[in-house]
Amino acid sequence: MKQRQLGKNGPWVSALGLGCMGMSEFYTQGMDEKESLATLDLAIERGITLLDTADVYGPHTNEALLGRALQGRRDKVFLATKFGIVRDAADPGARGSNGHPDYIRQSVEGSLQRLKTDVIDLYYQHRADPNVPIEESVGALSDLVREGKIRYIGMSEISAATLERAHKVHPISALQSEYSLWSREVEASILPACARLGVAFVPYSPLGRGFLTGAIRSPDDFAENDFRKGNPRFQGENFVKNLHLADKVVEISSGKGVKPSQLALAWVLAQGENIVPIPGTKRRTYLEENIAALDVILNEAELAAIEAAFPLNAAAGGRYTPAVMQLIDR
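Residues numbered from 1 in each chain as written. Predicted model: local features only at pLDDT ≥ 70, side-chain atom pairs only at ≥ 80, totals over all residues. Heavy atoms only, no water.

Identification of the protein as Aldo/keto reductase from Rouxiella chamberiensis is taken from an unreviewed UniProt entry.

Set out below in structure tokens:
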């Protein structure tokens, strides 16, 4: 397994991580815990060390799943989880954020218990709290590092300016945000800030929530409780326009003799050595396909062709609904 460094002075992890969210929620068609556990087994066997979860997935059930799966082999993985997104039991679609120090401490204790571990390798603030200065939240996380409860601090979906402020309080090892051919907004200021500060960039949804695999042809492909049915990019005219873009990825990948998902992942990997994508899957077949993307090398002409086919801001529709976009710090 190829390795990449998680930040300028951070640990080395597998060049490709595994996003575990879909094993428990959101992408709900064909949920299969047995297959999810088998996928985790295979990931570890194949040398994937960076596993990514969060307390909000389930909520809590995804951390518990990993806690069971990692018994007796916790030392084989670099475990990342997150805090800070707050759900409303009365309104399943509602989202809030909480970055208060007391909430952080409460959250880390819960995650440690569910993950059945003494320490979390990488602890992300999942969303910035507009009501709490980032310096206060990072200060609380720094205390947890000193206490040995977490090893490294990460941020998710924050702006370059907020990253600068956070990094002054305590070194930030990784910034996680959505990044793929159809979500390239981070190229403007966030990727340059990460490179300047020595922060690893961890793209989630590098396959455009499955859209860039070429397998999604209709909104009817989703189960009723799949969150993508309510995502702007998967609706109406937006879906049709985005399908044309995805077809271009299929065309280019076919000419190269690789799968569309592998081309899309190889493109993300080619954007910098400090980038460690975490494509999510709950199936062994797709895991193997994703790992094979590490061997797909794109030359300058191919990179140019891909970016010409899928230019910046080409995707139609917002990444999330307007209500959820309000949690993203830009």
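(A) Local environment of the overall build of the protein. The number of helices and strands found in the protein is 11 helices and 11 strands. In terms of overall dimensions, the protein has C-alpha extents of about 55 × 40 × 40 Å along its principal axes. A buried classification covers 58% of the 330 residues belonging to the protein. Here the analysis covers contacts within the protein between residues at least 6 apart in sequence; of these, 75% occur between residues at least 24 apart. For the protein, the computed accessible surface area is about 13600 Å², with 51% contributed by carbon and sulfur atoms. (Helix = DSSP H or I, 4+ residues; strand = E, 2+ residues; numbered from the N terminus. Buried < 20%, exposed > 50% of the residue type's maximum accessible area, 1.4 Å probe, protein only. Contact = heavy atoms within 4.5 Å. Areas by Shrake-Rupley, 256 points an atom, 1.4 Å probe, with all protein chains shown as cover.)

(B) Fine view of the environment of His-100. For His-100, the location among the structural elements is in the loop between β7 (91-97) and α3 (101-115). Judged by its relative accessible area of 33%, His-100 is partly exposed. Taking the C-alpha atoms as reference points, His-100 and Gln-176, separated by 76 residues in sequence, lie 20 Å from one another. Beyond its immediate chain neighbours, meaning those up to four positions away, His-100 contacts Asp-129 and Val-132.

(C) How the structure looks around the pairing of strand β11 (residues 200-204). Where burial is concerned, most of β11 is hidden: 5 out of the 5 residues are buried. Here β11 shows two buried faces, one formed by Ala-200, Val-202 and Tyr-204 and the other by Phe-201 and Pro-203. Bridge count for strand β10 (residues 174-178) against β11 is 5 bridges, and the pairing is parallel. Bridge pairing links Gln-176 to Val-202 in β11. In this fold, the crossover linking β10 to β11 by way of helix α6 (residues 190-197) has right-handed handedness. (Pairing = 2+ DSSP bridges. Right-handed = clockwise from strand over helix to strand, strands pointing away.)

(D) Local environment of the packing of aromatic side chains. Across all of its chains, the model carries 9 aromatic pairs by this definition. Relative to Phe-234, the ring of Phe-211 lies with its centre 5.5 Å away and its plane at 70°, an arrangement referred to as edge-to-face. Pair noted here: Phe-211 is in the loop between β11 and α7 (236-256) and Phe-234 is in the loop between β11 and α7, with a separation of 23 residues, a long-range link. Aromatic ring contacts, followed pair by pair, group Trp-182, Phe-211, Phe-222, Phe-234 and Phe-239 into a single cluster. The aromatic ring of Trp-182 is capped on one face by Arg-233, whose charged end is 5.0 Å from the ring centroid. (Phe/Tyr/Trp six-rings, centres within 6.5 Å; stacked < 30°, edge-to-face > 60°. Lys NZ or Arg CZ within 6 Å of the ring centre and 35° of its normal.)

(E) Examining helix α10 (residues 300-309) more closely. Among all positions in α10, only Leu-303, Ile-306 and Ala-309 are buried. Axial view of α10: buried residues confined to an arc of 130°, hence all on one face. Exposed side chains of α10 directed beyond 90 degrees from the buried face belong to Glu-300, Ala-301 and Ala-308. (Arc of directions from axis to C-beta.)

(F) Up close: the packing of α3 against helix α4 (residues 134-147). Running from amino to carboxyl end, α3 crosses α4 at an angle of 40°, the nearest separation of the two axes being 9 Å. When the axis of α3 is compared with that of α4, the two are oblique. Here α3 runs over α4; the crossing is right-handed. Contacts between α3 and α4 pair Pro-101, Ile-104, Arg-105 and Val-108 from the former with Glu-136, Ser-137, Ala-140, Leu-141, Asp-143, Leu-144 and Glu-147 from the latter. Looking at the contact of α3 with α4 residue by residue, the classes come out as 6 nonpolar, 1 polar and 4 charged. (Axes fitted to C-alpha atoms, helices over the stretch in contact; angles between N-to-C directions. Parallel < 35°, antiparallel > 145°, perpendicular 65-115°, else oblique. Left-handed = near helix turned anticlockwise from the far one by under 90°. Nonpolar A, V, L, I, M, F, W, Y, C, P; charged D, E, K, R; others polar.)

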